[in-house]
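# Coordinate analysis (summary)
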Amino acid sequence: MTKERKCDMADEGWQAGWQPMIAAVGRNFDEGAPTFAGDPVEQSTIRRWLEPLEFDCKLHTSRETARAHGYDDIIAPAASMLMWTLPPMRQPGQVIFTSHERNAQPEDSPINNVGLELAPPTNGFFGTDLEIEFLRPVVVGSRLAQRGRRLLSCTPKETAVGKGAFIKWESDVVDENLDVVARVRTGTYAYNAHDEEIDR
């Protein structure tokens, strides 16, 4: 980052760098075909998800019970749905973390990639909140994906960790038939840490 850019980010007008993102509120940044998760919903993963919670409901453990209540197969607990929506984080031979520095960020992440080309350069991000609207149950054997990435809001704010913006996105969760089974709203904070420079 040049000294001129560092001064721009340091003065009171640093929020202006976020104006293109603010102007894009309402835009869908990912209109392509959905990328499905690496694995289908599977019974053994449901069992491992339920065990530490000691959560007993035969709809999640018994095919016969689920079918008796009108479902095709065992139902995945609603709160477990997102783990079947993310594509693999890593392919064989791929390096996710290219830096050994403290607070290093992954080269690619499902919560900090699409759309941020409109934002000023940042060196950190983290998730802030998550809201899921469950529309219908998901059963064993389903394949899920998140479709779309609609920008709902972008609010620049300086915090204790740095100067950046709170950003909220919305996506649909779809099954293999492209039926919407849930709607997800994810909040993140992308920022420049205090007293750190960015090269881009």
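Structure shown above.
Note that residues are indexed from 1 along each chain, following the sequence as it is written. pLDDT decides what is reported in this predicted model: residues at 70 or higher carry local features, side-chain atom pairs at 80 or more are listed and counted, and totals for whole chains, interfaces and linings draw on all residues regardless. Derived side-chain values reflect all non-hydrogen atoms in the structure, with water molecules and hydrogen atoms excluded from consideration.

## What to know about the overall build of the protein
- Under the DSSP-based scheme used, a helix requires at least four consecutive residues in state H or I and a strand at least two consecutive residues in state E, with every element numbered from the N terminus. Scanning the protein for helices and strands turns up four helices and five strands.
- If you list the helices and strands of the protein from N to C, you get α-α-β-α-α-β-β-β-β.
- A separation of at least 24 residues holds for 72% of the contacts in the protein among residues at least 6 apart in sequence.
- Here the protein displays about 11800 Å² of accessible surface, and carbon together with sulfur accounts for 50% of that area. Working rule for contacts: check all heavy atoms of both residues, and any pair within 4.5 Å makes them a contact. Methods summary: accessible areas were calculated by the Shrake-Rupley approach with a probe of 1.4 Å, and residue burial reflects only the protein chains presented.

## Description of the pairing of strand β5 (residues 180–193)
- Counting buried positions along β5 gives 11 out of 14 residues, so the element sits mostly inside the fold.
- In this scheme, strands are said to pair when DSSP sees at least two bridges between them. Judged from the 13 bridges that link them, strand β4 (residues 162–174) and β5 form a sheet pairing that is antiparallel. When the bridges of β5 are listed, G164 appears paired with Y191.
- From the end of β4 to the start of β5, which pair antiparallel, there are five residues, and L178 there has a positive phi angle of about 65 degrees. Only protein chains enter the accessibility calculation, which uses a 1.4 Å probe; a residue whose area is less than 20% of its type maximum is buried, one above 50% is exposed, and one in between is partly exposed.

## A closer look at unusual backbone geometry
- Notably, E54 is not glycine yet its phi reads approximately 50 degrees, a positive angle.
- Residue placement: E54 occurs in the loop between α3 (43–50) and α4 (63–68).
- Relative accessible area serves as the criterion here: at 68%, E54 is assigned to the exposed category.
- Even without a glycine there, the phi angle at L178 is positive, about 65 degrees.
- Tracing the sequence through the fold places L178 in the loop between β4 and β5.
- On the basis of relative accessibility, which here comes to 41%, the residue L178 falls in the partly exposed class.

## Observations concerning the packing of aromatic side chains
- Each Phe, Tyr or Trp ring, with Trp reduced to its six-membered ring, pairs with another whose centre is within 6.5 Å; inter-plane angles below 30 degrees give stacked pairs, above 60 give edge-to-face pairs, and intermediate values give tilted ones. Enumeration according to the criterion identifies five aromatic pairs in this entry.
- Taking 5.4 Å as the distance between ring centres and 85 degrees as the angle between the ring planes, the aromatic pair formed by F29 and W169 counts as edge-to-face. A residue pair is termed long-range when its members are at least 10 positions apart, and F29 in the loop between α2 (19–23) and β1 (35–36) and W169 in strand β4 qualify at 140 residues. Each member of the pair, F29 together with W169, is buried.
- Site record: aromatic cluster; members linked through ring pairs are F126, F166, Y189 and Y191.
- Criterion for a charge above a ring: Lys NZ or Arg CZ within 6 Å of the ring centre, and within 35 degrees of the ring normal. The ring centre of F29 lies 4.2 Å from the NZ or CZ of R27, which sits over that ring.
- A cation sits over an aromatic face here: R149 above W169, 4.2 Å from the ring centre.

## Let's talk about the pattern of salt bridges
- Basic side-chain nitrogens of Lys or Arg form a salt bridge, by our definition, when they fall within 4 Å of a carboxyl oxygen of Asp or Glu. Applying the stated criterion across every chain, the model contains 12 salt bridges.
- Residue E131 is joined to R185 by a salt bridge in which the shortest nitrogen-to-oxygen separation is 3.3 Å. One end of the pair, E131, is in strand β2 (residues 124–134); the other, R185, is in strand β5, with 54 residues separating them in the sequence.
- Among the residues examined, E131 registers a relative accessible area of 41% and is labelled partly exposed.
- The exposure class of R185 is buried, given its relative accessible area of 17%.
- For the salt bridge of E170 with R150, the shortest nitrogen-to-oxygen distance reads 3.0 Å. Placement of E170 in strand β4 and of R150 in strand β3 (residues 145–158) is noted, with a sequence separation of 20 residues between them.
- Linked through salt bridges whose partners overlap, the residues forming this network are E131, E133, R147, R150, E170, D172, R183 and R185.

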